[in-house]
Amino acid sequence: MGRSNLLPARAARRLATALLAAPLPVLAQAPLPKPASNTTPMLAGLDAAAERYAGIAKQIWGFAEVGYMEEQSSALLQSELKRAGFRVTTGTAGEPTAFVAEYGSGKPVIAILGEFDALPGLSQDAVPERKALRAGGPGHGCGHHLFGTASTAAAISVKAWMVANKVTGTIRMIGTPAEEGGSGKVYMVRDGVFNDVDAVIAWHPGDENAATGERTMANITGKFRFHGISSHAAGAPERGRSALDAVEVMNTMTNFLREHVPDGTRIHYVITNGGKAPNVVPDEAEVYYYVRHVDMNVVKNVWGRVVDAAKGASIGTGTTYDLQLIGSVYSLLPNETLLRIKQRALETVGGYTLTPEERVFAETLQKSEAFVPVALEATQKIKPLVVGQPGAGSTDVGDVSWMVPTVQLSAATWVPGTAAHSWQAVAAGGMSIGAKGMMIAAKTMALTAADLFAVPATIAAAKKEFDAKRGPNFKYETILGTQKPQLDYRKGTTN
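Here goes a summary of the coordinates provided. Computed from a predicted model, the values in this text were never measured in an experiment.

The next point concerns the overall build of the chain. When helices and strands are counted, the chain shows 14 helices and twelve strands. A principal-axis box enclosing the C-alpha atoms of the chain has dimensions of 80 × 50 × 40 Å. Here the chain, with 495 residues, has 56% of them falling under the buried criterion. Of the contacts made within the chain by residues no fewer than 6 positions apart, 83% connect residues no fewer than 24 positions apart. Both charge centroids of the chain, one from 48 positive and one from 45 negative side chains, sit 4 Å from each other.

All right, on to the nonpolar core then. Ranked by size, the top nonpolar core spans 131 residues in total, and within it Ile110, Phe194, Trp203, Phe224, Phe226, Met250 and Val415 carry the most contacts. No other element matches the 13 residues that helix H13 (residues 432-454) contributes to this core. What valine 415 contacts, discounting residues up to four positions off in sequence, is Asp207, Phe361, Ala362, Leu365, Gln366, Phe371, Leu376, Ala428 and Ile433. The next biggest cluster of nonpolar side chains, apart from the first, holds five residues, and it includes Leu119, Leu122, Cys142 and Val426.

The next subject is the pattern of salt bridges. Enumeration according to the criterion identifies 20 salt bridges in this entry. Taking the shortest distance from any N to any O, the salt bridge between arginine 172 and glutamate 102 comes out at 2.6 Å. Of the two residues, arginine 172 is situated in strand E4 (residues 169-175) and glutamate 102 in strand E2 (residues 99-105); the sequence distance between them amounts to 70 residues. Residue class for arginine 172 comes out buried when judged on its relative accessible area of 11%. Here aspartate 198 and lysine 463 are joined by a salt bridge, their closest N and O atoms 2.6 Å apart. Of the two residues, aspartate 198 sits in the loop between helix H6 (184-190) and strand E5 (199-201) while lysine 463 sits in helix H14 (residues 456-470), which places them 265 residues apart along the sequence. Judged by its relative accessible area of 6%, aspartate 198 is buried. Salt bridges sharing common partners tie together Arg87, Glu102, Arg172 and Asp196.

A word on the environment of aspartate 283. As for its placement among the helices and strands, aspartate 283 is situated in the loop between strand E9 (266-273) and strand E10 (284-293). Residues aspartate 283 and tyrosine 187, spaced 96 residues apart in sequence, show a C-alpha to C-alpha distance of 33 Å.

Before going further, it helps to spend a moment on the pairing of strand E8 (residues 218-227). Burial analysis of E8 places eight of its ten residues in the buried class, the great majority of the element. One ladder, built from ten bridges, connects E8 with E10; its direction is antiparallel. Of the residues in E10, the one forming a bridge with alanine 218 is histidine 293.

Tallying each qualifying case throughout the model produces 14 aromatic pairs. When the ring of tyrosine 68 is compared with that of tyrosine 489, the centres are 5.8 Å apart and the planes differ by 80°; the resulting orientation is edge-to-face. Of the two residues, tyrosine 68 is situated in the loop between helix H3 (50-63) and helix H4 (71-83) and tyrosine 489 in the segment after H14; the sequence distance between them amounts to 421 residues. What makes tyrosine 489 buried here is its relative accessible area of 1%. Note on phenylalanine 224 and tyrosine 289: the rings are 5.9 Å apart at their centroids and 85° apart in plane angle, and the pair reads as edge-to-face. On the criterion of sequence distance, the pair formed by phenylalanine 224 in strand E8 and tyrosine 289 in strand E10 is long-range, its members being 65 residues apart. We classify tyrosine 289 as buried; its relative accessible area is 0%. One aromatic cluster is present, built from ring pairs that chain together Phe224, Phe226, Tyr269, Tyr289, Trp303 and Tyr321. Here the basic side chain of lysine 223 rests over the ring of tyrosine 288, its NZ or CZ set 5.2 Å away from the ring centre.

A separate point is the sheet that holds E8. If you trace the four strands from one edge of the open sheet to the other, you get E9-E10-E8-E11, paired in antiparallel fashion. Bordering the open sheet on either side are E9 and strand E11 (320-329), each of which pairs with just one other strand. Going across the sheet, the axis of each strand differs from the next one's by a mean of 20°, ignoring polarity. Taken together, the nine bridges between E8 and E11 define a ladder with antiparallel strand orientation.

At their nearest, the axes of helix H9 (residues 336-349) and H14 sit 8 Å apart, and the two run at 135° to each other. Taken as axis vectors, H9 and H14 run oblique relative to one another. Each of Glu336, Thr337, Leu338 and Ile341 in H9 lies in contact with H14, whose residues at this interface are Thr458, Ala461, Ala462, Glu465 and Lys469. Taken together, the residues of the contact of H9 with H14 break down into four nonpolar, two polar and three charged.

When two helices pack together, their arrangement is given by the angle between the helix axes and the distance between those axes. Orientation of helix H2 (residues 40-48) relative to H13, taken along the N-to-C sense of each, is 155°, at an axis distance of 10 Å. Taken together, the axes of H2 and H13 are roughly antiparallel relative to one another. Considering only the axes of H2 and H13, their crossing is right-handed. On the side of H2, the interface is formed by Met42, Leu43, Leu46 and Asp47, while H13 contributes Met439, Ala442, Lys443, Ala446, Leu447 and Ala450.

Our focus in this paragraph is the environment of lysine 107. With respect to the secondary-structure elements, lysine 107 resides in the loop between E2 and strand E3 (109-114). When the C-alpha atoms of lysine 107 and proline 390 are compared, they prove to be 33 Å apart, with 283 residues separating the residues in sequence. Non-local contacts of lysine 107, meaning those with residues more than four positions away in its chain, are made with Thr168, Gly169, Asp196 and Asp198. At a separation of 2.8 Å, a polar atom in the side chain of lysine 107 contacts the main-chain carbonyl oxygen of aspartate 196. At 3.3 Å, the side chain of lysine 107 and the side chain of aspartate 198 are in polar contact.

This paragraph deals with the pairing of strand E12 (residues 406-412). Successive residues of a regular strand alternate their side chains across the two faces of the sheet. Taking burial as the measure, the seven residues of E12 include seven buried ones, the bulk of the element. Bridging between E5 and E12 involves two bridges; their strand directions are parallel. Within the sheet, the bridge partner assigned to valine 200 lies in E12 and is threonine 406. As paired strands, strand E6 (residues 204-206) and E12 are joined by three bridges and run parallel to one another. Counterpart to proline 205 in the pairing with E12 is alanine 411. Note: strand E7 (residues 210-212) against E12, three bridges, orientation antiparallel.

Cut-offs and rules
Residues numbered from 1 in each chain as written. Predicted model: local features only at pLDDT ≥ 70, side-chain atom pairs only at ≥ 80, totals over all residues. Heavy atoms only, no water. Helix = DSSP H or I, 4+ residues; strand = E, 2+ residues; numbered from the N terminus. Buried < 20%, exposed > 50% of the residue type's maximum accessible area, 1.4 Å probe, protein only. Contact = heavy atoms within 4.5 Å. Lys, Arg positive; Asp, Glu negative; His and termini not counted. Charge placed at Lys NZ, Arg CZ, Asp CG, Glu CD. Core = buried A, V, L, I, M, F, W, Y, C linked by side-chain atoms within 4.5 Å. Salt bridge = Lys/Arg side-chain N within 4 Å of Asp/Glu carboxyl O. Pairing = 2+ DSSP bridges. Phe/Tyr/Trp six-rings, centres within 6.5 Å; stacked < 30°, edge-to-face > 60°. Lys NZ or Arg CZ within 6 Å of the ring centre and 35° of its normal. Axes fitted to C-alpha atoms, helices over the stretch in contact; angles between N-to-C directions. Parallel < 35°, antiparallel > 145°, perpendicular 65-115°, else oblique. Nonpolar A, V, L, I, M, F, W, Y, C, P; charged D, E, K, R; others polar. Left-handed = near helix turned anticlockwise from the far one by under 90°. Polar contact = N/O pair within 3.5 Å; in protein donor to acceptor, adjacent residues only side chain to side chain.

Here you go:
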């Protein structure tokens, strides 16, 4: 990556401080239009099908397929959409497990996003104590088995509402793989999948019910592979050049770097290959890095310094290295016009109450390690809408949100207080708590889509806000350039 594209460190710090201190501007809003009519049958249909959708989600939870390998998960969702009368196109943007399912024709085009990839190393049974189903295997620690299923359910229910009420336009369900680090949606954006879409609706599993107005974090991710010379570690160490030494030197430099980056920056890594035997000087080693911040310019600057650390480690240890860019995503651009519609829909749907059995599960889980308990009544509540605050996670929905007005929500699919990417999230996502939260998301997305179809002026207002926040000179670019999706980035993590 050329340094000419990077902000000077001091300027990056000033920009980061300003971004973190002030939320995005809140634009003047007109009164909400009336909600779509005749949606009661749509919600009733989702209630009637709740057990079926819970079964679909549980199957995907059991498949637990990591990014770009979600063959069974993708096929199951596609089959449900085909059965409901959707036209399905597969292999979108060069991603074998991606698909686009649509019903109807013409404008407006409303897209609902669905994810279905799992995380490595989080295999867990649906019980409130640590119990892996398969040692070292993957698990749905971010709830994407629920994500894709709820989105499918919402799209199917909206289609039925359109037919019953003779509503014109196009509803799409876009199946998006490899959100967890693979940047699946970025390649879709780059390849024009969203070019004719008027609004995008999405959600994410969580431990609360809220329309998502935060900005999330932009990121760049990649694998640094060092190449040295193998030798006997005791008999001829002077002949070797350790690739693992290079990884460790690089990591030391980036750990010192943490003191000298803008507030809100996150740098994390994992050594994915450290050699094969201690008595052999490792000639191959690999470390996988993430750099995050709410602003992409800061991410680029810090990433350039991480790359410099790799260069320095290579020189100092007599090794060489190459870099595989895995992913890069923008921060989420909130759209208050759409958020207000989704907030109303979420308040209409409401939360849910835990059964006595679910309370026992939840109370036991809240006593587990690294857990920060929150009142269990949180599942019953809807959080007030807050727009523009910086968030802690990253998502490739961010890139979509800079191309099309986009709106998300969080639904309480986990025990309140659960951290994402944890075995506790996998456990709750595999039982009735996850299924209940999933249906809140499905109903909220369905109502939101119906409202947009019913009042096209809302889409026009959302686009006006979208254009104002992007600015007149915005041009979407990704540092991934023209490279193909990195379909092998999870290779070796599915055992």
